[in-house]
Amino acid sequence: MLDNEIIQDAVALACRAPSLHNSQPWKWVRDHAGLHLFLDPSRAVYTDETGREALMSCGAALDHLRVALASAGWRAVVQRFPNPNNPHHLASVTFAAADTVDDEARRTADAILLRRTDRLPFAAPPNWPLVESMLFDAAGTESVRVDVLAEDARPNVAEASQLSEWVRLYDRDYHAELDWWTAPFDVADGIPQSSLVSAAESDRVDVGRNFPVTRAGNRRSDITEDRAAIVVLSTAGDSRAEALACGEALSAVLLACTRLGLATCPLTHLTEVPTSREMVRSLIGGEHLPQVLVRIGVAPQIEATPPPTPRHPVSEVLRLEA
């Protein structure tokens, strides 16, 4: 049995996982049987009508938890969807002591705290064939496919990105929700102003969601256009299990890139609109359904590290019953 302090520390790291608009749609319960992950439907986002993105967010948190426990000397034994009578009960986790704690586990856990969603333009990632191979090893599974978009596909994915914005141009509910999640208030969720970009900065990123702009200026002016590599994570279908697994794979991609010193930005706006989703699907062969795209590149090392985005206190998302 793990003591509560280890559980609390692991959950704190797990909750650093990315989520749609930093909505943090998860709850955790510790009881005599282990640790349980639940979907919190009260954190639903308007654009996520099917709950697919909330499940991916929870999947990323589940993988972050596994990493956190490994760095503390414990192996997570995960049973997904353990209760058919409760669709919000996503996973039950029990624990087994690891034989050793290696440096790999510690470095991956450190990457959780270093990772940021970076919406500014990137320089091209170096040694890309090696990075690509590592990402396939980290995230490719039977249920989740990893594809790298070819450079000549860039105009097409940029067109799909722009189309997803045009379709919602007059969607008042969509824009009202974006304004709500990016409001300049000191809260424990949503996207802080420090994580948004100005109009000039946004103009140099051809594949990205159009958030309300800030007066941040014109950072990285020497990067005249975004040169990020774009990776697509997809699944055969849209089942709940596939969405959860895709979130776990997304966590693996983001942490692997962070360990390599690369900047990342997950993108789901293209998969929220059926037309743009089909456009991306055609770019990866048309067999699987795109779930999330990730821009991967290099951010200048001389920049100050932006502050971490806010998270709810562990006391609000974890209930201890044992």
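Residue positions within a chain follow its written sequence, with the count starting from 1. Whole-chain, interface and lining totals are the exception, using all residues; otherwise, since this is a predicted model, local features are given only for residues with pLDDT of at least 70 and side-chain atom pairs are given and counted only at 80 or more. To obtain the side-chain values, all non-hydrogen atoms of the structure were used and water was disregarded.

### A short note on the state of the cysteines
Here, a disulfide means two cysteine sulfur atoms that sit within 2.5 Å of each other. For the structure on display, the rule yields zero disulfides. No disulfide involves C265; its nearest neighbouring cysteine sulfur is the one of C257, lying 12 Å away.

### Details of the environment of T47
Runs of E in the DSSP output that reach at least two residues are strands. Runs of H or I that reach at least four are helices, and both are numbered from the N terminus. Structurally, the position occupied by T47 is in the loop between β2 (34–39) and α2 (52–71). The exposure class assigned to T47 is buried, which follows from its relative accessible area of 9%. Distance in space between the C-alpha atoms of T47 and V207 is 18 Å, their sequence separation being 160 residues. The contact criterion used throughout is that any non-hydrogen atoms of two residues lie within 4.5 Å. Beyond its immediate sequence surroundings of up to four residues, T47 is in contact with L20, H21, E53, R168, Y174, E177 and E272. Only protein chains enter the accessibility calculation, which uses a 1.4 Å probe; a residue whose area is less than 20% of its type maximum is buried, one above 50% is exposed, and one in between is partly exposed.

### Some details on the UniProt feature "domain: Nitroreductase" (unreviewed entry) in the protein
UniProt positions are given in the numbering used here, feature names are shortened, and annotations may be inferred rather than shown by experiment. As annotated in UniProt, the feature "domain: Nitroreductase" (unreviewed entry) corresponds to residues 203–297 in the numbering used here. A distance of 17 Å separates the end C-alpha atoms of residues 203–297, which is 36% helix and 22% strand.

### Here we look at unusual backbone geometry
One non-glycine residue, H21, lies in the positive phi region at around 55°. Relative to the elements of secondary structure, H21 occurs in the loop between α1 (4–14) and β1 (26–31). Even without a glycine there, the phi angle at N127 is positive, about 50°. Position of N127 among the secondary structure elements: in the loop between α3 (103–114) and α4 (128–139). A residue is classified by how much of its surface remains accessible, and N127, at 57% relative accessible area, is exposed.

### Looking at the domain arrangement of the protein
Parsing the protein into structural domains produces domain 1 (4–115 + 308–320) and domain 2 (128–297). These domain limits were set by an automatic method or by a database of domain assignments. Each of domain 1 and domain 2 has a C-alpha centre, and the two are 22 Å apart. The interface is formed by 37 residues belonging to domain 1 together with 38 residues belonging to domain 2. Here a salt bridge means any side-chain nitrogen of Lys or Arg lying within 4 Å of a carboxyl oxygen belonging to Asp or Glu. Applying the counting rule to domain 1 against domain 2 returns three salt bridges. With a closest N to O distance of 2.9 Å, E248 and R80 form a salt bridge. N or O atoms closer than or at 3.5 Å make up a polar contact, with two conditions inside protein: a donor-capable atom paired with an acceptor-capable one, and, for residues adjacent in sequence, both atoms drawn from side chains. For the pair domain 1 and domain 2, the number of links is 18 residue pairs in polar contact (both at pLDDT 80 or more). Contributions of two or more residues to the side of domain 1 that touches domain 2 are made by α2 and α3. With eleven residues, the top contributor of residues to the side of domain 1 that touches domain 2 is α2. Only Asp, Glu, Lys and Arg are considered charged, only Ala, Val, Leu, Ile, Met, Phe, Trp, Tyr, Cys and Pro nonpolar, and every remaining residue, Gly among them, polar. Taken together, the residues of the side of domain 1 that touches domain 2 break down into 17 nonpolar, eleven polar and nine charged.

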